[in-house]
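Structural overview
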Amino acid sequence: MKPSGKNLDYLIVQALRDDSGYFSGEELASKLGISRQALWKHISNLTDRGYDITAVPHRGYKLVSSPDKFYPEEVKYKLGTKFLATQVYYYDAVDSTQKIAWQLGLEGAPEGTIVFTETQSKGRGRLERKWISPAGGIYFSLLLRPKSLLLSEITQISLIISLACLKGIKETTGIDCQVKWPNDILVSGKKLGGVLCEINAEADRVLFLIAGVGININSKDLPSGATSLHLYAKKKFRRLDITQEIIRQIEAAYLKVQQGESGELLAEWSKSCILWGKHLELKLSGKIIEGTAVNIDDKGYLILRVDNGTQHKVSAGDIVKVRSCR
Ligand code: BT5
C-alpha cells in the first residue's frame, strides 16, 4: 500500500534523519514512490510545519532542524517506551486535553494513548479550577488502565507522575524542582506545574484514568504565584526533550506501581516534598482541618498530626495555608 499525506511527511523526515548528508531529490522521490514534484510539495508542507530543510541544487535535501512541537512523529522519535505514547494525538489548540482523552478512553483507546496540545482555552485544574495554558507550556493527557489498583490506591498515581516530571526536568535541564502534596510541582517556591487525575470507576474498580500534566516551560503571562522554567532560569528550553524524558520516567514508574513496588518511588517523592514539619490548613469536603504535615503513607495519603497529637490520613484535599512551625 502506498503511504499518503501525513504519513509521507513522516517518512520524508525519517529518511532525512537517517542520512546526515544531503539526500538527492531523485533518490528520495523514488524511494517513496512519488514524483519529484509531489516530493517538493511535501517538503514545502514540512517547512510550513516548522522543519528547517535546505535544498541545494545537484546535492538534494538536508534536514537542519526539527520544530519543538508535539507532533506525533517528534514525540515518538527515539522515545524507546514499551506502551506509553504508542498512540499520540496532537492539536494546535483545544479546550482541554482531558476532555479529548476521556472520550478516547470511553471509545476503548489503548493504555498509553496521549493527547498533546500547544494551548488550551479551558484548561482544567482540580475542583473546577482553571489551568491557564498559554503557548510555550507542556500540556498533555495520558490514558491509563491500571489493572492492579483499586480506587482507594489511585492517589499514588498522581504522586508518581509529579515525581516523574521532577526527574524528567532534572535529567534534561539540571534544574531541581520540588513537590507539594497532592499534585503541585514547584520551583523556588512558585508553582511550575500540576497533575490532574480524573478517574472513570465502577464501584472500587478503575476502568480508566486520565492523568493530565501541565508544566510552564517557555511560558509567559502566567497567573500570580506561578512561574516557568524560562522565567526561573532566564533561558529557553526544548520542550520535546523534557517531555520525552518525563514520558520515559512515567512509564518506568507506572510499571513499578502496577507490580506493587511503589515504596521506593513514594519515598523519593517524600524527599522532594516541601511540607514536612509545616503547619497546614487543609480543606476537606468543605471542612478545614489543621495540623502538622508528617509524611505520606504507603498509598500516598497525607499524614497530618492534629493538635491533640492524633494522626489523620487524608487521601485528597486542598491545602489552603502553609506555615512554618516554630
Ligand atoms: C492542577 O490543578 O495543578 C492541575 C493542572 C493540570 C493541567 C493539565 S494541562 C493538560 C491537562 N488538560 C487540562 O485541562 N488539565 C490538565 P490545581 O491544583 O487545581 O491548580 C489550579 C490552580 O493553579 C489555579 O486555581 C491557579 O491558582 C493556578 N494556576 C492556573 N494556571 C496555572 C499555570 N499555568 N501555572 C501555575 N499555576 C496555575
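One structure accompanies this document, and this report is about it. (Residues numbered from 1 in each chain as written. Predicted model: local features only at pLDDT ≥ 70, side-chain atom pairs only at ≥ 80, totals over all residues. Heavy atoms only, no water.)

A closer look at the sheet that holds strand β4 (residues 114–120)
- Sheet architecture is open: seven strands sit in the order β3-β4-β5-β9-β8-β7-β6, paired in mixed fashion. Single-partner strands in this sheet number two, and they are β3 (88–94) and β6 (178–180). Averaged over all pairs of adjacent strands, the angle between their axes in this sheet comes to 20°, without regard to strand direction.
- In the sheet, β4 pairs with strand β5 (residues 138–144) via four bridges, with the strands oriented antiparallel. Bridge pairing in β5 places I114 opposite L142.
- Taken strand by strand, helix α8 (residues 239–258) contacts β4, β5 and β9 (205–215), and its axis lies near 25° from that of β5. (Pairing = 2+ DSSP bridges. Helix = DSSP H or I, 4+ residues; strand = E, 2+ residues; numbered from the N terminus. Axes fitted to C-alpha atoms, helices over the stretch in contact; angles between N-to-C directions. Contact = heavy atoms within 4.5 Å.)

Some thoughts on the packing of aromatic side chains
- Taken as a whole, this structure holds seven aromatic pairs when the rule is applied.
- Between the aromatic rings of F83 and Y254, the centroid separation amounts to 5.9 Å while the plane-to-plane angle is 50°, which identifies the pairing as tilted. Taken together, the positions of F83 in the loop between α4 (72–76) and β3 and Y254 in helix α8 put the pair 171 residues apart, joining distant regions of the chain. Here F83 matches Y254 in class, with each residue buried.
- Following the ring pairs from residue to residue traces out a cluster consisting of Y51, Y71 and Y90.
- A cation over an aromatic ring shows up here: R17 above the ring of Y77, its NZ or CZ 3.7 Å from the ring centre.
- Residue placement shows K62 over the ring face of Y22; its charged tip is 5.8 Å from the ring centre. (Phe/Tyr/Trp six-rings, centres within 6.5 Å; stacked < 30°, edge-to-face > 60°. Buried < 20%, exposed > 50% of the residue type's maximum accessible area, 1.4 Å probe, protein only. Lys NZ or Arg CZ within 6 Å of the ring centre and 35° of its normal.)

Examining the site of the ligand
- In the vicinity of the ligand, 28 residues are found, and the nearest of them are S96, R124, R126, R129 and K191.
- Between the ligand and T97, the relevant distance is 2.9 Å, taken from a nitrogen atom to a side-chain nitrogen or oxygen of the residue.
- At 3.4 Å, a side-chain N or O of N183 approaches an oxygen atom of the ligand.
- Protein burial of the ligand: of its 790 Å² of free accessible surface, 89% is covered by the chains.
- When contributions to the shell around the ligand are tallied by element, the ones reaching two or more residues are α5 (97–106), β5, β8 (190–202) and β9.
- Of all the elements, β8 adds the most residues to the shell around the ligand, at four residues.
- Among the residues making up the shell around the ligand, the classes are represented as ten nonpolar, twelve polar and six charged. (Near = heavy atom within 4 Å. Polar contact = N/O pair within 3.5 Å; in protein donor to acceptor, adjacent residues only side chain to side chain. Areas by Shrake-Rupley, 256 points an atom, 1.4 Å probe, with all protein chains shown as cover. Nonpolar A, V, L, I, M, F, W, Y, C, P; charged D, E, K, R; others polar.)

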